[in-house]
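# Topology and contacts: notes
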Amino acid sequence: MGNEEIMKKNAETGKILIDCTSERKECNSFPNFVQSVRLKYVKLGYHYLISHAMYLFLFPLLGLSSVHLSSVTVDDLVLLWYQLIKFNIVSVFVCSSLMVFLTTLYFMTRPRKVYLVDFACYKPDSKFICSKELFMERSIEANTFTPENLAFQKKILERSGLGQKTYFPEAILSVPANPCMSEARKEAEMVMFGAIDELLAKTGVKAKDIGILVVNCSLFNPTPSLSAMVVNHYKLRGNILSYNLGGMGCSAGLISIDLAKQLLLVHPNSYALVVSMENITLNWYCGNNRSMLVSNCIFRMGGAAILLSNKPSDKHRAKYQLIHTVRTHKGADDRSYSCVFQEEDDKKVIGVALSKDLMAVAGEALKTNITTLGPLVLPMSEQLLFFVTLVARKVLKMKIKPYIPDFKLAFEHFCIHAGGRAVLDEIEKNLELSEWHMEPSRMTLYRFGNTSSSSLWYELAYSEAKGRIRKGDRTWQIAFGSGFKCNSAVWKALRRIEPAKENNPWMDEVDEFPVEVPKVAHIG
């Protein structure tokens, strides 16, 4: 072997030694293997001892009892039986055992009560305010709309019922507009985390205590999901039951509430966090299909976070108890299914088309929903009148108007999804509600616009800010959404809500409301 080969071999050996030394240093950072094995068996022994402590304790008692019973004769057992019968102890024992069994069965099988501990609505910074004039400026600067469709949007805005302080995301307000995935994520994080931060501050609940998470956003569904974004940001626990609902429209907020309720019925001592929102950034329509332009004019940025609990200890501090949820789905009907439809226009631009049948479809869905809800909430007098009228029309073929139950006898407050002025007008007319009952919905539409599934919570926050919620009051939330769906939730106030103690998006300006909303608000 030559000198060169020897030097090369030594160099390779040195390299191996260096690598081994490096590995040994890294290995030093791990626990000693022998100690780990010992610790493992100590833990196993401890676990075995705790798991079988009852049997280990009872074994010597069983031995002593066996020794004692071995000396008992048949005559002793007969004498004991007669003594038990004489003092009626057998009957007492049987009755007591039956009572304990039935009581245990009742408490184990009765449905758990679901409480709304508190909720929070996100109020964006003033820099995101978009007046109607600014909206038209950005539409013109987009340089994608025809003059006729710019005039159409202006007409929709003037009759929409929206005010001058609704909110748009930065990606749409900037010049030029920048609707992209990163901006959409920024909007989602700003809305979701803003609402959740306020909710956790209000309730004092730690993020690690939340066992159920339901997030709904109809049109923005990134990967990882929005629910994963929440889990990552707040470092929620690893066994959390998380759900991300997409494509379910403006009624998804109450679907999320119903899902959380069903989970709380089977998971004791749990908190459920529900987050409802919509994303505007990637759903700004830049085409010229008029049925798709309407959504540009009425949808705005917003979101809400709601904390539900089934812990009996939370009853004293919770605001509401969830009494009923009723869900109606008309998707089997083709007209209902296609009345709100996301698709491409003839230029391959994606948008959400609203059909002319929307009002009729919504009316049919509402009728079906209240037919199911009515017997659960209406007083017997109203149910009787409704039944008599139904028999007269269907059986006796009498030409009389169908009786519309007076839901004002069942509810003190109404939160109707602020989908648009026309929807609110129709519901006010059909349910014969007063301006006072419609005020939360109309003022929410005026101040915040259509914030999709979260609008119901801005409306409830309005009633709280006005000091209208008293102990025992019942609130009916009604939501409509694509599919087509109509969903209801009924809440009962567990205490009077004091406005002075509240922190919600209305508090610093509630004295300015209600305002008169003209049929046509001309844009300069």
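Details of the structure are given in the entry above.
Structural notes, computed from the coordinates. (Residues numbered from 1 in each chain as written. Predicted model: local features only at pLDDT ≥ 70, side-chain atom pairs only at ≥ 80, totals over all residues. Heavy atoms only, no water.)

### Quick notes on the nonpolar core
- With 74 residues, the main nonpolar core has Leu-308, Trp-457 and Trp-506 as its most contacted residues.
- Ignoring anything within four residues of it in the chain, the contact list for Trp-506 reads Met-443, Thr-444, Arg-447, Phe-448, Tyr-458, Ala-461, Tyr-462, Ala-465 and Phe-513.
- Within the second largest apolar cluster, 31 residues are counted, among which are Met-438, Trp-476, Cys-486 and Val-490. (Core = buried A, V, L, I, M, F, W, Y, C linked by side-chain atoms within 4.5 Å. Buried < 20%, exposed > 50% of the residue type's maximum accessible area, 1.4 Å probe, protein only. Contact = heavy atoms within 4.5 Å.)

### Comments concerning the pattern of salt bridges
- Enumeration according to the criterion identifies 21 salt bridges in this entry.
- Asp-258 is paired through a salt bridge with Arg-327; the nearest N and O atoms lie 3.0 Å apart. Pair noted here: Asp-258 is in helix H11 (residues 252–264) and Arg-327 is in strand E8 (residues 320–329), with a separation of 69 residues, a long-range link.
- Given the relative accessible area of 9%, Asp-258 is considered buried.
- The shortest N-O distance in the salt bridge between Glu-502 and Lys-319 comes to 2.6 Å. With Glu-502 in the segment after strand E13 (485–493) and Lys-319 in the loop between strand E7 (303–309) and E8, this residue pair connects regions lying 183 residues apart in the sequence. One exposure class covers both Glu-502 and Lys-319, and it is buried.
- A cluster of three or more residues bridged by salt bridges with shared partners is formed by Asp-118, Lys-202, Lys-319, Glu-464 and Glu-502. (Salt bridge = Lys/Arg side-chain N within 4 Å of Asp/Glu carboxyl O. Helix = DSSP H or I, 4+ residues; strand = E, 2+ residues; numbered from the N terminus.)

### Regarding H11
- Here H11 is 13 residues long and its end C-alpha atoms lie 18 Å apart, about the 18 Å a rise of 1.5 Å per residue gives.
- Where burial is concerned, most of H11 is hidden: 11 out of the 13 residues are buried. (Expected span 1.5 Å × (residues − 1).)

### Some points on the pairing of strand E4 (residues 210–216)
- A large share of E4 lies buried, amounting to 7 of its 7 residues.
- As paired strands, E4 and strand E6 (residues 271–277) are joined by 6 bridges and run parallel to one another. Each residue of the ladder has a partner; that of Val-215, found in E6, is Val-275.
- Summarising the sheet, E4 and strand E5 (residues 241–245) pair through 5 bridges and their orientation is parallel. Counterpart to Val-214 in the pairing with E5 is Tyr-243.
- Of the crossover connections in this fold, the one passing from E4 over helix H10 (residues 226–234) to the parallel E5 is right-handed. (Pairing = 2+ DSSP bridges. Right-handed = clockwise from strand over helix to strand, strands pointing away.)

### Quick word on unusual backbone geometry
- Each neighbour pair has its own omega, and for Thr-223 with Pro-224 the value is -5°, a cis peptide bond.
- Position of Pro-224 among the secondary structure elements: in the loop between E4 and H10.
- If you check the backbone angles, Ser-452 has positive phi at about 60° while not being a glycine.
- Structurally, Ser-452 can be placed in the loop between helix H17 (435–448) and helix H18 (455–465).
- On the accessibility criterion, Ser-452 (1% relative accessible area) is buried.

### Digging into the sheet that holds E4
- Spatial strand order, E5-E4-E6-E7-E1-E8-E13-E12-E11: 9 strands in an open sheet with mixed pairing. Only two strands of the sheet have a single neighbouring strand rather than two, namely E5 and strand E11 (413–416). In this sheet, adjacent strand axes meet at a mean angle of 20° when their direction is disregarded.
- Here strand E1 (residues 115–121) runs beside E7; their pairing, made up of 6 bridges, is antiparallel. Across the sheet, the residue bridging to Leu-116 is Leu-308, located in E7.
- Strands in contact with H10 are E4 and E5; relative to E4, the strand with the most contacts, it is inclined by about 140°. (Axes fitted to C-alpha atoms, helices over the stretch in contact; angles between N-to-C directions.)

### Focus: the packing of helix H9 (residues 181–203) against H10
- Across the interface, H9 lies against H10 with an axial gap of 11 Å and an inter-helix angle of 55°. By the criterion of interaxial angle, the relationship of H9 to H10 is oblique. The hand of the H9/H10 crossing is right-handed. For the pair H9 and H10, contact is made by Arg-185, Ala-188, Glu-189, Met-192, Phe-193, Ile-196, Asp-197 and Leu-200 and by Leu-226, Met-229, Val-230, His-233 and Tyr-234, respectively.
- The class makeup of the residues in the contact of H9 with H10 is 9 nonpolar, 1 polar and 3 charged. (Parallel < 35°, antiparallel > 145°, perpendicular 65-115°, else oblique. Left-handed = near helix turned anticlockwise from the far one by under 90°. Nonpolar A, V, L, I, M, F, W, Y, C, P; charged D, E, K, R; others polar.)

### Some words on the packing of H17 against H18
- At their nearest, the axes of H17 and H18 sit 9 Å apart, and the two run at 115° to each other. Seen along the crossing, H17 lies across H18 with a hand that is right-handed. Residue-level inspection shows Glu-439, Pro-440, Ser-441, Met-443, Thr-444 and Phe-448 of H17 in contact with H18, the latter providing Ser-455, Tyr-458, Glu-459, Tyr-462 and Ser-463.
- Its residues placed into classes, the contact of H17 with H18 shows 5 nonpolar, 4 polar and 2 charged.

Don't take any of this as a statement about function, it's just geometry.
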